[in-house]
Structures are given as structure tokens and as C-alpha cells.
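The primary structure of each chain is shown beneath.
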Amino acid sequence: LAAEVRTEAAALTTPDAQEAFRLHWLGRKQGRLKLISDAWLKSAPAEARKPLGIRFNQLKQQIEQALEAPLATASTAAVQGIDVTLPGAIRTPGIPHPLLKTMQEIVQVFHHLGYSTNLGPQVETDFYNFEALNFPPNHPARDTQDTLQIAHQSSKPSRDRLLMRTHTSPVQIRTMVAQAPPIRIVIPGKVHRNDAADATHSPIFHQVEGLCVDTNITFSDLKGTLDHAMKALFGSDVKTRFFPSFFPFTEPSADVQISCIFCGGKGCRKCKHSGWIELLGCGMVDPAVFAAVTEERRKTNPADDTYNPERITGFAFGMGVERIAMIQHGISDIGHFYSGDMRFLEQFA
Ligand code: PHE
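All values reported here derive from a predicted model rather than from experimental measurement.

With that out of the way, let us pick up the sheet that holds strand 5 (residues 204-215). Strands sit in the order 1-4-5-9-8-7-6 across an open sheet of seven strands; the sheet is mixed. At either end of the open sheet lies a strand with only one pairing partner, and these are strand 1 (116-117) and strand 6 (240-247). Two strands pair when backbone bridges link them, and strand 5 and strand 9 (residues 312-320) are joined in this way by nine bridges, in the antiparallel orientation. Considered in strand 9, the bridge of Gln207 is made with Gly320. Against the sheet, helix 6 (residues 98-111) touches strand 1, strand 4 (183-192), strand 5 and strand 9, its axis set at about 165 degrees to strand 4. Those strands touched by helix 8 (residues 170-178) are strand 4, strand 5 and strand 9, and its axis lies near 140 degrees from that of strand 4.

By size, the foremost hydrophobic cluster in this structure holds 45 residues, and its most contacted members are Phe110, Leu226, Met230, Phe234, Leu280, Cys282 and Met319. Those elements giving two or more residues to this core turn out to be helix 6, strand 5, helix 9 (219-234), strand 7 (250-259), strand 8 (276-285), strand 9, helix 11 (321-329) and helix 13 (342-345). Not counting residues within four places of it along the chain, the set of residues in contact with Leu226 comprises Phe110, Phe242, Val256, Leu280, Cys282 and Phe317. If you look at the next biggest cluster of nonpolar residues, it comprises 25 residues, including Leu133, Ala141, Ile187 and Val293.

As annotated by UniProt and renumbered to match this structure, "domain: Aminoacyl-transfer RNA synthetases class-II family profile" (unreviewed entry) occupies residues 104-327. Taken end to end, residues 104-327 is 25% helix and 30% strand, and its two terminal C-alpha atoms sit 16 Å from one another.

Attention now moves to the pairing of strand 7. Burial within strand 7 is extensive, with eight of its 10 residues counted as buried. Pairing geometry for strand 6 and strand 7, over seven bridges, is antiparallel. If you follow Pro244 over to strand 7, its bridge partner there is Ala254. If you look at the hairpin formed by strand 6 and strand 7, you'll find two residues sitting between the two strands.

Neighbouring residues of the ligand: 14 residues in total, closest His167, Ser169, Arg193, Gln207 and Glu209. At 3.0 Å, a side-chain N or O of Arg193 approaches an oxygen atom of the ligand. Protein chains bury 92% of the 330 Å² of accessible surface belonging to the ligand in isolation. Among the elements of the structure, strand 5, strand 8 and strand 9 are those that each provide at least two residues to the shell around the ligand. Across the shell around the ligand, the residue classes tally to five nonpolar, seven polar and two charged.

Below, the discussion takes up helix 9. Along an α-helix, residues three or four positions apart point the same way, because every turn accommodates 3.6 residues. Over its 16 residues, helix 9 extends 22 Å from the first C-alpha to the last, a length consistent with the 22 Å expected when each residue adds 1.5 Å. Within helix 9, burial applies to Leu222, Thr225, Leu226, Ala229, Met230, Leu233 and Phe234. Relative to the axis of helix 9, the buried residues are bounded by an arc of 135 degrees and lie together on one face. For helix 9, the secondary structure elements touched by its buried residues are helix 6, strand 6, strand 7, strand 8, strand 9 and helix 11. With a side-chain oxygen positioned 3.2 Å from the backbone nitrogen of Ser220, the residue opening helix 9 is Thr218. Positive backbone phi, approximately 110 degrees, marks Gly235, located one or two places after helix 9.

The rules behind the values
Residues numbered from 1 in each chain as written. Predicted model: local features only at pLDDT ≥ 70, side-chain atom pairs only at ≥ 80, totals over all residues. Heavy atoms only, no water. Pairing = 2+ DSSP bridges. Helix = DSSP H or I, 4+ residues; strand = E, 2+ residues; numbered from the N terminus. Contact = heavy atoms within 4.5 Å. Axes fitted to C-alpha atoms, helices over the stretch in contact; angles between N-to-C directions. Core = buried A, V, L, I, M, F, W, Y, C linked by side-chain atoms within 4.5 Å. Buried < 20%, exposed > 50% of the residue type's maximum accessible area, 1.4 Å probe, protein only. UniProt positions renumbered as here; feature names shortened; annotations may be inferred. Near = heavy atom within 4 Å. Polar contact = N/O pair within 3.5 Å; in protein donor to acceptor, adjacent residues only side chain to side chain. Areas by Shrake-Rupley, 256 points an atom, 1.4 Å probe, with all protein chains shown as cover. Nonpolar A, V, L, I, M, F, W, Y, C, P; charged D, E, K, R; others polar. Expected span 1.5 Å × (residues − 1). Arc of directions from axis to C-beta.

Below, the structure written as C-alpha cells:
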């Protein structure tokens, strides 16, 4: 009987069910306890009365307690008839996306060097994305960054036209307009280009930009910083080399290559048998960029001379997060990052 009371009590989810339960057990005329008492207790032989009476009172107490207890919730397994012998649903905890993980890793390397993080908008103006970075209007260098323009901008002056930022470099400008040197920042973020998707390209991808501006910053500082960063990311054995390159906003500019981490520099398919893998662009901040920043700062302080290139120098670099994550993990198709395929993502748990 005690087991019966227990099962019934666990299934009491409504006040009506509770009242029915009460009547069933405690009803004055037809309640089970009344019947038990009439049929058994009163007619029991004298020596059995005491133990029976004790059990009877325990049962009554159990019923009264069940009536005072709060109603069970409808999700109680007993109510829903859930088969508790079936294996439970496995809920795997979420994990950081592999791209975010790599982005965080890169950012951490620079945080340890005293850099802080800055962010900027993905919808940019032509001024920040191009003009202030020394890409004049209609300059052919703009063709190197296939730009996604926002519609209906032609009535605006060209510097105010909106576009999806093609790189994180506009945040260099935003930072320098807003604050004075020394500047040491990294800028992680999403960028957009009008590129057809293939195994190594995606119209939306991620970059981490770096900017270091102060007195006496030299190309050696740039080389030392990036050499350290590449060793921190790919292992202390990797070598770096700097190749002449061009960006409108840095002079001189360089592409940084690391010794191939797949073959150790001997030459393999991954490095096209060159022994080197190209990883990022960098260079010394072009004086034309400081000039654009100064012009902007003079709108609020006409005497501003904070970024006088006679006194102030700096370096900048930018790297693609997808490319670095693909090399780190030996991934051959960029599309895996965006597919949401659990079989791919689970490997990074
Ligand atoms: N913004 C450049 C690009 O997206 C990379 C870069 C950043 C180069 C900073 C030099 C300095 O291609």
C-alpha cells in the first residue's frame, strides 16, 4: 500500500487530481483507510492490533504528507510515461569555432607583447577603407580589393560612400584619429570582398591587423615582432623571410613568408616546392597615411601635430585568419569553416 501511495502521489499534477487522491484514501465513508480500518483493524486479534495500528498510522501520515507537498510538475517521468531505461539524450557542450580559436590565439600572442584590441565597423566609408589609406579615388590599386559597395550612394561625396570593408586597415585610421602615440593595437575582424568562393577564397573572411606607432619605430622592430609572432603561432623552429611587396599605405612594404611547416623547408606540394609559405602583408606606415590622419585631427584641433612623420614612425601588418587556421590544421578547403558540418567542427572539441 505504501508503494501505491508513493506512485500515485508522484503523479499529482493538478488540484483536481489531488482532491481525487484525498477522497480515494481519506474519504469518510468509502475511503480506503476507512475500509481497511473497518475490515482489518477492528477485527484483528489482540496481539496483532498494535503492529497493525502502527503501520496504519504510518500510511495515513504518508498520505497526509503527500497532500501537503507541492504538486508534481507535468514533466515528471511517471506522468509522461518516459521509459527511464532508454539511453538519455547526449547534449554536447558548445565549443569555440576553430576560426575564432585561431583568431584568439593570434590576438593573445600580441596581447603578451603589450598590444590591446581595437574593433571597427564592417560597413565603412570610402574615406577610412581607401582614401585615408592612400588609395586615391579611381586609383588602380583599388582594383586589388574587389569591393562590395552599398547601394544608392552615388548622391554622396565619394569619401562618404558606404561599402563593406575590404580589410581591417581602416581601423588603423580610426585609432590614430582618436588617440595619440604610443599605439600598439591588434584589430581582429570580419572583412568582405567581391570574390567568387573556391577552395581558398570566401567573400567573407577574417583578418587580424596590427599597428605599432611611436617615436623610433623601425623596420627591425617590425621584423622582430613578426618573427616572434610566427614562432609563437607555428613553433619555434619556423624561419621567416621578408619579400618586397606593395601596399599604398605602407612604404616600404613586405610579404612575410615562413619556412614550410609541412616539409621543414625542403619543398613539398603544400609550399609548391619552394620551401616557403606566404602568410601576411606588412610595412612601415606611409607618411601619406600620417598626413591624412593629421588632416582629420586638425578638424577639431587646427594646430595638431601629433603625427608629424619627422618624429613619429610606425609599422602595420595584416594577416588572414582562415589562411593561418588552414595551415595550422592542414585544411584544404576554406568552405569547411562555414558549412556548420558537425563532423568537421567536432574535431576541434
Ligand atoms: N590590408 C592589407 C590587405 O588586406 C594587409 C596589410 C595590412 C598590409 C597592414 C600591410 C599592412 O591585403
